[in-house]
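Structural features, examined
What follows is each chain in one-letter form.
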Amino acid sequence: MGRTSRIEGFYKLSMSERLKIVKEFGDLTSEEALALTGFGGLDPSIPDKMIENAVGSFALPLGIAVNFTINGRDYLIPMAVEEPSVVAAASNAAKMARDKGGFWTSSTPPVMIGQVQITGVKDPSRAKHLLLAKKDAVLELANKQDPMLIKLGGGARDLEVRVVQGQRGPMVVVHLLVDVRDAMGANAVNTMAEAVAPMLEDITGGQVRLRILSNLATHRLARAHAVWAKESIGGDEVVDGIIDAFLFADADPFRCATHNKGIMNGIDAIILATGNDTRAIEAGAHSYAARTGQYKPLTVFEKTPEGDLAGTIEIPMAVGLIGGATKVHPTARACIKLLGVKGASELGEVAAAVGLAQNFAALRALATVGIQKGHMKLHAKNIAASVGCPEELLDEVCEIMVSEKKIRMDRAQEIIEDLKNRKR
Ligand code: MEV
């Protein structure tokens, strides 16, 4: 039996008590545990290596979602996020999923698409035919660019050719399909796309314009599935409420945008914590949601024959474990170690499970008590802190604001003054 992520009352502990548990769970060194706290900040040399014109680093809260069981193994999930309730909601959804065994996941091989745009082709259909006939030569040239990737079992696998109608006429668009293994893949794919461009011009007689990875990573999908027992989530009415909430998103793009945003609350938080590219994941998620021409939810909720709630997510997942911030950022490195993932696909699957949990939690709250109840306490804390509430008055000020349902800066200031006067 492995380590358990089911940690009763984790939220009630102090930050240092939580860190101790996390350190033990992830077999982290003291240095790695310190990196999780972010205290002391990044070594000043790191930001300067990561981006241009660096002046420092920007800290965000890092929380740990507990209770996750994924494919029979327990995980503690690092989440970097500024929004209150996200970590608590994910943990709570994961706790309720445990009764039916937690989350089950799968993924496709890590194949990314490199696009090459060719304009000015006289006979696009014939060019398509010629390109496909010369596929092996194109793939061979692509694979010469990255011997390391080939050694690791990856490489350019296939070619797709599309004729896309633009306003200035048709263009031939070549998709180079590249298995990028444990990388996010942008570097490998862009290098290959640039390298094969002259050959594609020779074959088609056209002019190559863009050579760049597509974030609509339809060949690199992660899936997660979970069943929530109706007794664990509040009964038949809650199951029906969540299904109605899903059907609302399925039928209406205005609701669907918020539905998918709730999914990304969880996914972005783990993606950021592991030093991955949140914009790539966001672009992939939303374009995948719209791939049929209609913007749709990334999750599906249904009732099982037993009347329980089954949830599924399918989402492009271009994440890496090598290169970029995943290697140079000490907190990202410690988060990856805490997750204990063996490869990028496993990380993608865990992220998908977190997205599903996050979505379930939001829909359950929306279909029952509403979203504000869960938000209130931490929101009140934020508001009180933002008007300079002294530490010793914080709990009292929050309690009063929550009980009055008036969580506003002006009210916080009044209460603080009141309490100070009374204590004088
Ligand atoms: C807030 O960050 C996310 C939610 O709006 C998601 C949803 O409405 O499903 C609560």
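The notes below deal with the structure included here. (Residues numbered from 1 in each chain as written. Predicted model: local features only at pLDDT ≥ 70, side-chain atom pairs only at ≥ 80, totals over all residues. Heavy atoms only, no water.)

1. Topic: the overall build of the protein chain
Along the protein chain, the regular secondary structure elements total 18 helices and 10 strands. In the protein chain, which comprises 424 residues, the share counted as buried stands at 48%. Of the roughly 21,100 Å² of accessible surface on the protein chain, a fraction of 54% belongs to carbon and sulfur atoms. Across the protein chain, 49 positive and 50 negative side-chain charges occur, with their mean positions spaced 2 Å apart. (Helix = DSSP H or I, 4+ residues; strand = E, 2+ residues; numbered from the N terminus. Buried < 20%, exposed > 50% of the residue type's maximum accessible area, 1.4 Å probe, protein only. Areas by Shrake-Rupley, 256 points an atom, 1.4 Å probe, with all protein chains shown as cover. Lys, Arg positive; Asp, Glu negative; His and termini not counted. Charge placed at Lys NZ, Arg CZ, Asp CG, Glu CD.)

2. Topic: the site of the ligand
Every residue near the ligand is listed here: Glu83, Arg255, Thr258, His259, Lys261, Gly262, Asn265, Ala362, Leu366 and Ile371. Considered on its own, the ligand offers 300 Å² of accessible surface; in the complex 85% of this is hidden by protein. Elements with a minimum of two residues in the shell around the ligand: α11 (253-273) and α15 (344-367). The biggest single contributor to the shell around the ligand is α11, with six residues. (Near = heavy atom within 4 Å.)

3. Some remarks on the sheet that holds strand β6 (residues 169-179)
Within the open sheet, the four strands sit side by side as β5-β6-β4-β7. Their pairing is antiparallel. Either end of the sheet is taken by a strand with one partner, and the two such strands are β5 (155-166) and β7 (207-214). Pairwise comparison of adjacent strand axes, ignoring direction, gives a mean angle of 20° for this sheet. Relative to β6, strand β4 (residues 111-119) runs antiparallel, the two being bridged by eight bridges. Within the sheet, the bridge partner assigned to Met112 lies in β6 and is Val178. Each of β4, β5 and β6 touches helix α5 (residues 124-133); the most contacted strand, β5, lies at about 180° to it. Strands β4, β5, β6 and β7 of the sheet are contacted by helix α8 (residues 186-204), whose axis makes an angle of about 155° with β7. (Pairing = 2+ DSSP bridges. Axes fitted to C-alpha atoms, helices over the stretch in contact; angles between N-to-C directions. Contact = heavy atoms within 4.5 Å.)

4. Examining α5
Along an α-helix, residues three or four apart share an orientation, since each turn contains 3.6 residues. When we look at burial in α5, the residues that qualify are Pro124, Ala127 and Leu131. Here the buried residues of α5 occupy an arc of 55° about the axis, which is enough to place them on one side. Among the exposed residues of α5, those pointing more than 90 degrees away from its buried face are Ser125, His129 and Ala133. Buried-residue contacts for α5 involve β4, α6 (135-143), β5, β6 and α8. (Arc of directions from axis to C-beta.)

5. Overview of the packing of aromatic side chains
On inspection of all chains with the given rule, the structure shows four aromatic pairs. When the ring of Phe103 is compared with that of Trp228, the centres are 6.0 Å apart and the planes differ by 80°; the resulting orientation is edge-to-face. With Phe103 in strand β3 (residues 103-107) and Trp228 in strand β8 (residues 221-228), this residue pair connects regions lying 125 residues apart in the sequence. The exposure class of Trp228 is buried, given its relative accessible area of 0%. Aromatic pair Trp228 and Phe360: ring centres 4.0 Å apart, planes at 0°, arrangement stacked. Of the two residues, Trp228 sits in strand β8 while Phe360 sits in helix α15, which places them 132 residues apart along the sequence. Among the aromatic side chains, those forming a connected cluster through ring pairs are Phe68, Phe103, Trp228, Phe301 and Phe360. One Lys or Arg, Arg73, reaches over the ring of Tyr75 and ends 4.1 Å from the middle of that ring. Positioned over the ring face of Tyr288 is Arg291, at 3.7 Å from the centre of the ring. (Phe/Tyr/Trp six-rings, centres within 6.5 Å; stacked < 30°, edge-to-face > 60°. Lys NZ or Arg CZ within 6 Å of the ring centre and 35° of its normal.)

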